Every structure is written in structure tokens, then in C-alpha cells.
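Reading the structure
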There are 2 protein chains.
Amino acid sequence: MKIGELAKESGLSVHTLRYYEKQDLLLATARSESNYRLYDQQALGTARFIRRSREIGFSLEEVAVFLSIRADKPAHVCAEAKTLAENKIVDVEQKISELKQVLSALHKLSDACCGGNESAEHCSIIDALEQSDQEAS
Amino acid sequence: MKIGELAKESGLSVHTLRYYEKQDLLLATARSESNYRLYDQQALGTARFIRRSREIGFSLEEVAVFLSIRADKPAHVCAEAKTLAENKIVDVEQKISELKQVLSALHKLSDACCGGNESAEHCSIIDALEQSDQEAS
DNA sequence: CTTGACCCTAGAGTCTACTCTAAGGTTTAA
DNA sequence: TTAAACCTTAGAGTAGACTCTAGGGTCAAG
Ligand SMILES: [Zn+2]
Ligand SMILES: [Zn+2]
Ligand SMILES: [Zn+2]
Ligand SMILES: [Zn+2]
């Protein structure tokens with residue numbers, strides 16, 4: 001199949017597929033006489049594998065590692081894959097906890113403000129942002 | 001005070017302060033004979049205001065809105081500030097919920113894998129990434 | 001034989017918020 | 001006087017993952 005069909009089947013854009021090729025993540029199976037990229041079912045499998053890995057939150061760099069494991073499983077061990085996943089879990093948990101802090105700060109701001117159509121001279125949001133460094137811990 | 005002192009007092013870097021000036025967020029109060037940027041206490045207040053807003057998660061674009069409210073409070077109403085905060089809350093909640101989904105997907109992957117030093121031929125992580133589109137809902 | 005839907009390349013642009021560099025001028029203290 | 005520690009500018013670089021453009025071939029249908 002040509003790149004357009006692969007795009008449709010895999011849920012990735014044509015541009016993205018070419019980008020992945022440049023990044024050595026997904027090479028075309030062959031080229032037609034007119035130099036069109038041609039892909040087989042295995043390439044479709046790989047494209048989907050990449051998409052799914054990305055959806056789960058892995059970076060392209062991490063996806064590359066998964067692809068190399070996948071390409072030669074006997075040469076790799078479970079620990080490699082699991083380590084990637086566990087590190088990612090730590091990252092994501094970290095990000096979530098940062099965002100939760102942000103969220104609670106935002107709620108404090110928002111709750112204190114009347115949100116009405118009166119002048120902002122008394123606005124507690126602006127006031128709160130003003131007092132730079134005296135947090136109650 | 002000069003930019004280096006403002007940087008120290010505000011907790012922002014000299015580079016960042018100049019960047020903010022380029023973005024019209026924080027102009028120097030004056031220039032010395034030798035063309036050095038000079039700042040007064042009010043500028044320090046503004047610098048801290050920006051830093052604090054950034055820490056809470058607002059973008060520079062949003063900070064610019066807060067600054068314009070702050071610069072002329074009588075011309076603005078609480079609703080403007082509160083709307084920004086509320087929209088941000090929605091954004092952050094959205095992001096958190098996405099990350100939670102990602103996290104649960106990662107846990108599923110990670111928990112299923114033995115993580116041992118055996119060949120990855122049976123690795124459930126690679127297998128799970130393989131089956132592109134048949135999620136149990 | 002032309003139109004439209006494909007495909008190709010190399011390379012630039014996007015986003016956000018910095019961060020740094022090069023090449024210089026100024027101030028301060030020893 | 002000289003060295004350190006400041007300051008200036010314009011502009012480039014960084015991250016990550018695309019996304020798009022210009023300028024061109026190719027292919028099937030009517
Ligand atoms: Zn109010
Ligand atoms: Zn208010
Ligand atoms: Zn295993
Ligand atoms: Zn495994």
C-alpha cells in the first residue's frame with residue numbers, strides 16, 4: 001500500500017509517517033518505480049504499534065527502544081521494557097502531583113473572587129498574585 | 001536598581017527579565033546614562049507578580065491580561081480575572097484526567113510484565129502495544 | 001488531454017518560554 | 001591600570017513532535 005492508505009489504516013498523517021521515517025522509526029518496505037513509498041502489513045503493524053505507544057505517553061525516543069525490542073525479542077529481556085514503563089509511571093505521577101498543586105492554588109484564587117461585574121479594585125485574585133512571597137505553608 | 005539586582009530580588013533571571021521586556025510584560029522604569037535598565041520598587045512588584053502568576057500555571061499571555069487588569073483596576077471587573085482562573089482550572093483538570101488515563105494504561109502494562117531477565121519473547125508490554133485497536137472498554 | 005487526487009524532496013515554520021552567544025561597553029575595587 | 005563583574009544588543013539555539021510549503025512528478029477517470 002502507498003503512504004496515504006497507510007495513513008488511513010494507522011491513524012497517523014502522511015506527514016507524520018514521513019517524519020517517522022526520517023527519525024528511523026518506520027522505514028518504507030519498498031519503493032515503486034515512480035519512487036512512491038510502499039508498505040506491507042508488517043509496516044502497518046509497526047505504525048499502529050508506534051501510535052499506540054505514543055497514546056500511552058511514550059516519547060519517540062522511548063518508542064524507538066520498544067521497537068528495537070520488538071524487532072528482536074530474543075535479544076532483549078523483559079526488564080528493559082518494564083524499566084521504561086516504570087520510569088514513565090514515575091514521570092507521570094510527578095506531573096500529576098504538580099498539576100494538583102497548581103489546581104489547588106487556582107481554586108484558592110478562584111473561590112475567593114466574587115466574579116461579578118464590579119470594579120476589580122477589590123479583586124482578590126489580583127491581590128493574591130500581588131503578595132509574592134508570603135505563603136501560609 | 002539595575003537588572004541584576006532585580007533578578008535577585010524577583011527570583012527571575014536577567015535573561016528572563018529582558019525576555020519579558022521584549023514581550024512587553026515588564027518595561028524598565030528608566031535607562032541610565034550608559035543605557036543600563038533601571039527599575040524601581042513598583043517594577044519589582046510587577047516582576048514578582050509575574051513570577052507568582054507563572055508558578056500558578058498561567059501562560060505569559062494570561063499573565064499579560066492580569067497585568068492589564070492590575071494596571072488599571074477601575075477599568076476592569078472581577079469577572080475578567082475569575083474567568084481566566086476558571087478556564088485555567090478546566091484546562092488543568094483536563095490535563096490531570098488525561099494523565100490519569102495514561103497512568104492507568106501504564107500500570108496495566110507494567111503490572112503484566114514480569115520484568116525479569118528472561119527473553120522478551122513473551123513480554124506482555126510489547127504484546128499489549130501490538131494489539132492496536134481492540135481495547136476492552 | 002486535462003483535471004484532481006495522489007506522491008516526492010528539502011527544508012522551513014510552529015508552539016512556549018526561555019536560554020545562550022558573540023561582541024562589545026561600563027563600573028568598581030584593588 | 002587592570003581585572004572582575006556588571007551591563008548592552010541582535011539574533012540564534014533548545015526542547016519535542018510535528019506540520020506545512022514550494023515546486024515539482026505520477027496516475028486514473030472522463
Ligand atoms: Zn469581586
Ligand atoms: Zn475578583
Ligand atoms: Zn517477562
Ligand atoms: Zn515483559
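One can find the structure itself at the top, above this paragraph.
Given the structure is predicted, the values throughout are model-derived calculations rather than measurements.

Another aspect to go through is the overall build of chain A. In terms of regular secondary structure, chain A is built from 6 helices and 2 strands. Since a compact globule built from 137 residues should have a radius of gyration of about 14 Å, the 24 Å found for chain A marks it as more spread out than a globular shape. Along the three orthogonal principal directions, the C-alpha set of chain A runs to about 70 × 40 × 20 Å. Split into buried and exposed, the 137 residues of chain A put 41% on the buried side. Summarising the internal contacts of chain A: among those between residues at least 6 apart in sequence, 40% fall at separations of at least 24. Within the structure as shown, chain A displays about 7,700 Å² of accessible surface, and the carbon and sulfur contribution to it stands at 47%.

Once that is clear, we can look at the coordination of the zinc ion (ligand 2). Protein coordination of the zinc ion (ligand 2) is provided by A:Cys113 (SG), A:Cys123 (SG) and B:Cys78 (SG), with donor distances spanning 2.3 Å. Separating the zinc ion (ligand 2) from the zinc ion (ligand 1) is a gap of 3.5 Å, bridged by B:Cys78, which donates to each. With A:Cys113 in the loop between helix H5 (78-112) and helix H6 (124-130) and B:Cys78 in helix H5 (residues 78-112), the pair connects residues from two separate chains.

Before going further, it helps to examine the interface of chain B and chain A. Each partner contributes to the interface: chain B provides 58 residues, whereas chain A provides 58 residues. It is B:Arg52, B:Cys78 and B:Leu129 that lose the most area in chain B upon contact with chain A, and together they represent 13% of the buried surface on that side. Joining chain B to chain A, the criterion identifies 4 salt bridges. B:Arg70 is the partner of A:Glu130 in a salt bridge, and the nearest nitrogen-oxygen pair spans 2.7 Å. For the pair chain B and chain A, the number of links is 18 residue pairs in polar contact (both at pLDDT 80 or more). Contributing elements (two or more residues each) for the side of chain B that touches chain A: helix H3 (41-55), helix H4 (60-71), H5 and helix H6 (124-130) of chain B. The element that contributes the greatest number of residues to the side of chain B that touches chain A is H5(B), accounting for 21 residues. Looking at the side of chain B that touches chain A residue by residue, the classes come out as 28 nonpolar, 12 polar and 18 charged.

Thresholds applied
Residues numbered from 1 in each chain as written. Chains lettered and ligands numbered in written order. Predicted model: local features only at pLDDT ≥ 70, side-chain atom pairs only at ≥ 80, totals over all residues. Heavy atoms only, no water. Helix = DSSP H or I, 4+ residues; strand = E, 2+ residues; numbered from the N terminus. Rg over C-alpha atoms; globule rule 2.2 N^0.38 Å. Buried < 20%, exposed > 50% of the residue type's maximum accessible area, 1.4 Å probe, protein only. Contact = heavy atoms within 4.5 Å. Areas by Shrake-Rupley, 256 points an atom, 1.4 Å probe, with all protein chains shown as cover. Donors = N, O, S within 2.8 Å, 3.2 Å for Na, K, Ca; no water. Buried area = accessible area lost by both parts, 1.4 Å probe. Salt bridge = Lys/Arg side-chain N within 4 Å of Asp/Glu carboxyl O. Polar contact = N/O pair within 3.5 Å; in protein donor to acceptor, adjacent residues only side chain to side chain. Nonpolar A, V, L, I, M, F, W, Y, C, P; charged D, E, K, R; others polar.

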